[in-house]
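# Geometric and topological summary
Single-letter residue listing:
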Amino acid sequence: MTAMIDLKNVSYRYPVSDDSVLKNISFSIEKGKFTAIIGNNGSGKTTLCNTIRGFVPHFYKGDLDGEVIIDNTKITDYQLGQLGEKVGYVFQNPFIQVSGVKDNVFEEVAYGLENLGVPVEEIKVRVEEVLKLVKIEYLRDKNPFELSGGQRQRVALASIIVMDPEILVIDEPTSQLDPIGTQQIFEIIRLMKERGKTIVLVEHKMDLIAEYADDLLVMHKGELVMQGPVRDVLADPAFEKYQIQYPHVTEIALQLQKSGIPLSFLPIRDEELAEALNRTGVAVHD
Amino acid sequence: MTELHLTNVSFSYPDGTKALENLTLSVASGERVAIVGQNGAGKTTAVKLMNGLLKPTEGTVLVGDWDTKNHTTAQVSRKVGYVFQNPDDQIFHNDVESEVRFGPKNMGFEPERVDALTTWAMKLCGISEFAEENPYNLPYSVRKFVTIASVLAMDSDIIILDEPTAGQDKIGLQVLGNLLRVLEEKQKSVITITHDMEFVTDYFTRIIVMANRQLVADDNAQKVFYNTEVLERSMLKPPAVAQMAKLLDFSPGILSKQQLIKAILAQRSL
Ligand SMILES: Nc1ncnc2c1ncn2[C@@H]1O[C@H](COP(=O)(O)OP(=O)(O)OP(=O)(O)O)[C@@H](O)[C@H]1O
Ligand SMILES: Nc1ncnc2c1ncn2[C@@H]1O[C@H](COP(=O)(O)OP(=O)(O)OP(=O)(O)O)[C@@H](O)[C@H]1O
Ligand SMILES: [Mg+2]
Ligand SMILES: [Mg+2]
């Protein structure tokens, strides 16, 4: 398989920071995979996203060591614009991802395509499709600055999806969304994966990660401390020490195990709990 | 001691969007309330009406014995502190401590009280170690705590937190939980908007549910999270535990991890 995103011994320090915020990070993400970056607050998730899209160090300056390779080309060999077309980035704070030059949601979502010089007819078709997909058709005439938090978050996602980038880097896209809305966004991400996109998602909602993501990258104080398929990482006893939330069902299973109930395997989805409990098995996680 | 009364409150934004319809609710002094529900339901609009940032199109908002229509936002916000949904709407100093200190200083408190409140609020929010940092170099989650501390330091009777749980990790949620306990001891009223149903179940007994510009429920967790109609209307899902309990065929009512674990252990020992 070909690597779409490849980091080799990457370290990074912001101009004003005393210490490295990313410490010797290496990983490789295959084309078409859905990878979730998890880790506690301040562990470097957003900084890592900004490294993948070339904003570190282009925009933030500071010192970057190591190699960042996107689709077999070193990031230093891209024009920033080229990279921007390849890597779509959805900001953590949806309130800041507004162009400020468009006065309705339809035009806001169309803005990126306009800048690329896409023909008007095609823009219309693509924007209509995305408004529908992200369920914001009803907001088309609203001013992007006069939306609720969750509405803005959907508009921010739509503005990137419409560009149809090969790689989607999405930083906590559901933080302002109601529970059903959150689920809908994960369904959209799944659809993007089905369309062959490579997806990097930062997210704290572990139940949904366990349901949808392929792989995990676990960040802790600037280090990449664990990586691998979601189920393997969660089943590794080492995960516990980072004090990151487990999927709720996993947390319950682990507590039951501590109370002497054997598990046949470690469940990571709600519907696995019954099975994990019914079979008497060996302890899988001490 | 300040009570809050909204009576038949409706609100429309200047662009004609009707954001709130006929909302009636009261919050007793010292009470802790969660507001949950659908995106765009009107939650932020409702709390902005409570602290005088917005004035009702119809109906009345009473803060203590003040009708907010007759007072400036600056006056009302001395009694009702509001932490914005977007932290970047609120932060305008270059270091964390100045940001937190601004509020109490601006209120004209004695210097000693300003010092004490600033230190207390930063500690309670777990940001003392960042006192000298520029808020814009801090991660989103910490910036949110900077804005919470800035509001707590103003020592208002009523405190409104708009989505404090967004983007918080497990430890951040514990800091918030602890903060709610401390504020309750100080007899502050705290109104918290959140989409985190686990957090709601863990820390709140009174839950206000909103959907489509209206209040659809004002009840305890048991009643809200086992009411399918309310859940569907307001785009909510009960906490994960309720779903697990259902899959394991337990009778309705289980909401917390402790309850579920107890139920499973009890079944095993039969
Ligand atoms: N612009 C900046 N200048 C200096 N330091 C920064 C800057 N942005 C982030 N940092 C620092 O880098 C570290 C990692 O921050 P980052 O925002 O990447 O964390 P995160 O894991 O995304 O956190 P969160 O869960 O809150 O979003 C933090 O110590 C932060 O203070
Ligand atoms: N400044 C504004 N001008 C016009 N309409 C607005 C403005 N702010 C919000 N609205 C609209 O008012 C309605 C209620 O918005 P509000 O921000 O109160 O929702 P909310 O319940 O807080 O949602 P969320 O959970 O997404 O934050 C929404 O339809 C929104 O689009
Ligand atoms: Mg971040
Ligand atoms: Mg809101």
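What you see is a predicted model; the values in this text were computed from it and never measured. (Residues numbered from 1 in each chain as written. Chains lettered and ligands numbered in written order. Predicted model: local features only at pLDDT ≥ 70, side-chain atom pairs only at ≥ 80, totals over all residues. Heavy atoms only, no water.)

All names here are of chain B. Protein coordination of the magnesium ion (ligand 4) is provided by Thr-44 (OG1) and Gln-85 (OE1), with donor distances spanning 2.0 to 2.3 Å. In this pair, Thr-44 sits in helix α1 (residues 43-50) while Gln-85 sits in the loop between β6 (80-83) and α3 (96-106), placing the two residues 41 residues apart along the sequence. Of the two residues, Thr-44 and Gln-85, both sit in the buried class. (Donors = N, O, S within 2.8 Å, 3.2 Å for Na, K, Ca; no water. Helix = DSSP H or I, 4+ residues; strand = E, 2+ residues; numbered from the N terminus. Buried < 20%, exposed > 50% of the residue type's maximum accessible area, 1.4 Å probe, protein only.)

Let's shift gears to the pattern of salt bridges. All told, the structure shown has 27 salt bridges over all chains when counted by the stated rule. Note that Asp15(B) is salt-bridged to Lys142(A), the shortest N-O span being 3.3 Å. Residue Asp15(B) is located in the loop between β1 (4-12) and β2 (18-27), and its partner Lys142(A) is located in the loop between α5 (120-133) and α6 (149-161); the two belong to separate chains. On the basis of relative accessible area, Lys142(A) is assigned to the buried category, the value being 16%. The residue Lys188(B) makes a salt bridge to Asp155(B) at a minimum N-O spacing of 2.7 Å. Note that Lys188(B) is positioned in the loop between α6 (170-185) and β8 (189-193) and Asp155(B) in the loop between α5 (140-152) and β7 (158-162), a separation of 33 residues in sequence. Judged by its relative accessible area of 21%, Asp155(B) falls in the partly exposed class. Here the residues in one salt-bridge network are Asp71(A), Lys86(A) and Glu166(A), joined through shared partners. (Salt bridge = Lys/Arg side-chain N within 4 Å of Asp/Glu carboxyl O.)

Taken together, 20 residues surround ligand 1, and among them Lys45(A), Thr46(A), Thr47(A), Gln92(A) and Ser141(B) come closest. In this structure ligand 1 sits where residues from chains A and B come together. Contacts to ligand 1 include Ser141(B), whose side-chain N or O atom sits 2.4 Å from an oxygen atom. Within the complex, the protein chains bury 85% of what would otherwise be the 640 Å² of accessible surface of ligand 1. Where the shell around ligand 1 is concerned, the elements lending two or more residues are α1 (45-52) of chain A together with α5 of chain B. (Near = heavy atom within 4 Å. Polar contact = N/O pair within 3.5 Å; in protein donor to acceptor, adjacent residues only side chain to side chain. Areas by Shrake-Rupley, 256 points an atom, 1.4 Å probe, with all protein chains shown as cover.)

Residue and element names in this part refer to chain A. Every protein donor of the magnesium ion (ligand 3) is listed here as Thr-46 (OG1) and Gln-92 (OE1), and their distances to the metal cover 2.0 to 2.3 Å. Residue Thr-46 is found in helix α1, and its partner Gln-92 is found in the loop between β6 (87-90) and α4 (105-115); the two are separated by 46 residues along the sequence. Residue classification places Thr-46 among the partly exposed residues on the basis of a relative accessible area of 26%. With a relative accessible area of 12%, Gln-92 lands in the buried category.

On to the nonpolar core, then. Formed by 73 residues in total, the largest nonpolar core has its most connected members in Val127(A), Phe239(A), Leu260(B) and Ile264(B). Counting residues per element, this core draws most heavily on α6(A), which supplies six residues. Dropping the residues within four chain positions of it, Phe239(A) is found in contact with Ile38(A), Met206(A), Val218(A), Met226(A), Val233(A), Leu234(A), Ile244(A), Gln245(A) and Tyr246(A). Grouped together as the second largest cluster of nonpolar side chains are 54 residues, Val96(B), Phe145(B), Phe204(B) and Ile207(B) included. (Core = buried A, V, L, I, M, F, W, Y, C linked by side-chain atoms within 4.5 Å. Contact = heavy atoms within 4.5 Å.)

Right, let's get into the interface of chain A and chain B. Of the residues lining the interface, 42 residues belong to chain A; the matching set on chain B comes to 39 residues. In total, chain A and chain B occlude about 3600 Å² of area from one another, counting both sides; carbon and sulfur atoms represent 59% of this. Run the count over chain A and chain B and you get 18 residue pairs in polar contact (both at pLDDT 80 or more). Looking at the side of chain A that touches chain B, the elements with two or more residues in it are α6, α7 (179-194), α10 (248-258) and α11 (273-278) of chain A. (Buried area = accessible area lost by both parts, 1.4 Å probe.)

The next subject is the site of ligand 2. Around ligand 2, a shell composed of 22 residues is seen, among which Lys142(A), Ser148(A), Gln151(A), Lys43(B) and Thr45(B) lie nearest. A distance of 3.2 Å separates an oxygen atom of ligand 2 from a polar atom in the side chain of His195(B). Within the complex, 90% of the 640 Å² of free accessible area of ligand 2 lies under protein. Sorting the residues of the shell around ligand 2 by element identifies α6 of chain A together with α1 of chain B as the ones contributing at least two each. Residues of the shell around ligand 2, tallied by class, amount to four nonpolar, 13 polar and five charged. (Nonpolar A, V, L, I, M, F, W, Y, C, P; charged D, E, K, R; others polar.)

Residues and elements named next belong to chain A. Here Val-56 and Pro-57 are connected by a cis peptide whose omega angle stands at 5 degrees. With respect to the helices and strands, the residue Pro-57 is situated in helix α2 (residues 55-58). Not every positive phi belongs to a glycine, and Lys-61 is a case in point at roughly 60 degrees. Residue position: Lys-61 is located in the loop between α2 and β4 (63-70). Given the relative accessible area of 52%, Lys-61 is considered exposed. With phi around 55 degrees, Asp-164 is a residue other than glycine that occupies positive phi space. Tracing the chain through its elements places Asp-164 in the loop between α6 and β7 (167-171).

Residues and elements named next belong to chain B. Pairing is antiparallel in the open sheet, where four strands are placed in the order β2-β1-β4-β5. Here the strands that pair on one side only, and so sit at the sheet edges, are β2 and β5 (66-67). Two elements, strand β4 (residues 58-63) and β5, share two bridges in a ladder whose sense is antiparallel. Bridge pairing in β5 places Leu-62 opposite Asp-67. (Pairing = 2+ DSSP bridges.)

A few words on the UniProt feature "domain: ABC transporter" (unreviewed entry) in chain B. Taking the numbering used here, the UniProt-annotated feature "domain: ABC transporter" (unreviewed entry) corresponds to residues 4-237 of chain B. Annotated as residues 4-237 of chain B, this span is 37% helix and 25% strand, and its ends, taken at the C-alpha atoms, are 29 Å apart. (UniProt positions renumbered as here; feature names shortened; annotations may be inferred.)

This part takes up a negative patch on the surface. Taken together, Asp18(A), Glu129(B), Glu132(B) and Glu133(B) make up a surface patch of like negative charges. With respect to the helices and strands, Asp18(A) occurs in the loop between β1 (3-13) and β2 (22-30). For Asp18(A), a relative accessible area of 74% gives the class exposed. (Patch = residues over 30% accessible without salt bridge, like charges linked within 9 Å, V, L, I, M, F, W, Y side chains within 5 Å. Lys, Arg positive; Asp, Glu negative; His and termini not counted. Charge placed at Lys NZ, Arg CZ, Asp CG, Glu CD.)

Before going further, it helps to spend a moment on the domain arrangement of chain B. All names here are of chain B. Parsing chain B into structural domains produces domain 1 (4-236) and domain 2 (239-270). Taken over C-alpha atoms, the centre of domain 1 sits 32 Å from the centre of domain 2. With seven residues of domain 1 at the contact, the number on the domain 2 side is eight residues. Between domain 1 and domain 2 the total buried area reaches about 650 Å² when both faces are included, carbon and sulfur atoms providing 63% of it. The largest contributions to the domain 1 side of the interface with domain 2 come from Glu-198, Gln-222 and Tyr-226, which together make up 67% of the buried area. Where domain 1 meets domain 2, there are zero salt bridges. Along the contact surface separating domain 1 from domain 2 lie four residue pairs in polar contact (both at pLDDT 80 or more). Those elements giving two or more residues to the side of domain 1 that touches domain 2 turn out to be α7 (197-203) and α8 (221-225). (Domains from an automatic or database assignment.)

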